[in-house]
Amino acid sequence: MNVALWIVAGLLAAAYLLGGVFKMLAPKERIAAAGAAGRWVEDFGAGGVRAIGAVEVLAAAGLVLPAVLGIAPVFVPLAAVGLVLLMAGAATVRMRRREYRLVAVDAVYILLAAFVAWGRLGPESFLN
C-alpha cells in the first residue's frame, strides 16, 4: 500500500507541477488554444489562471517534499485534500460550461488525490 501511495502521489505531483508551471508561464490565450481541455480559462482573468497554476505547483511540492525531507509530513495528506477541493472546483466549472466529458477526467484526479489523502491519514500515515 505504501508503494502504491508513493506512486500515485509522485504521478499526481508530476502532472500538477507541469500543468501548474504551464498555467503560470503561458498566456491564457495559448492555454485556450491548446484544445477543449484548456477553454476553461475563458472564464478567468490572467491573474486567476496564474494563481491556479501557483496552487497546483504548491500542491505538487506538498505531495512529496514533506515526506521525502521528513519535515512536517502531515502536509502530504493536506496537499492531497487541497487537490480534491481544487479539482471539485474544476469539475464545477466544467459542468457550468457543459464540458461533461472533461468532468470525468477531473473525477479521476479527485479519486487519485482522495486515495493519497485517505492512505496518508489512515493506514499508511506518516504520523505514527
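The shown structure was predicted, so the numbers you read here are calculated from the model rather than taken from an experiment.

### A closer look at the side chain of serine 125
Part 1 of the reasoning: Looking at where serine 125 falls in the secondary structure, it is placed in the segment after helix 5 (100-121).
Part 2 of the reasoning: Polar contacts involving the side chain of serine 125 include one to the main-chain carbonyl oxygen of arginine 120, which spans 3.3 Å.
Part 3 of the reasoning: What serine 125 contacts, discounting residues up to four positions off in sequence, is Gly119 and Arg120.

### Let's talk about the packing of aromatic side chains
Part 1 of the reasoning: One pass over the full model with this rule turns up three aromatic pairs.
Part 2 of the reasoning: Note on tryptophan 40 and phenylalanine 44: the rings are 5.5 Å apart at their centroids and 75° apart in plane angle, and the pair reads as edge-to-face.
Part 3 of the reasoning: The class for phenylalanine 44 is partly exposed, based on a relative accessible area of 27%.

Conventions we followed
Residues numbered from 1 in each chain as written. Predicted model: local features only at pLDDT ≥ 70, side-chain atom pairs only at ≥ 80, totals over all residues. Heavy atoms only, no water. Helix = DSSP H or I, 4+ residues; strand = E, 2+ residues; numbered from the N terminus. Polar contact = N/O pair within 3.5 Å; in protein donor to acceptor, adjacent residues only side chain to side chain. Contact = heavy atoms within 4.5 Å. Phe/Tyr/Trp six-rings, centres within 6.5 Å; stacked < 30°, edge-to-face > 60°. Buried < 20%, exposed > 50% of the residue type's maximum accessible area, 1.4 Å probe, protein only.

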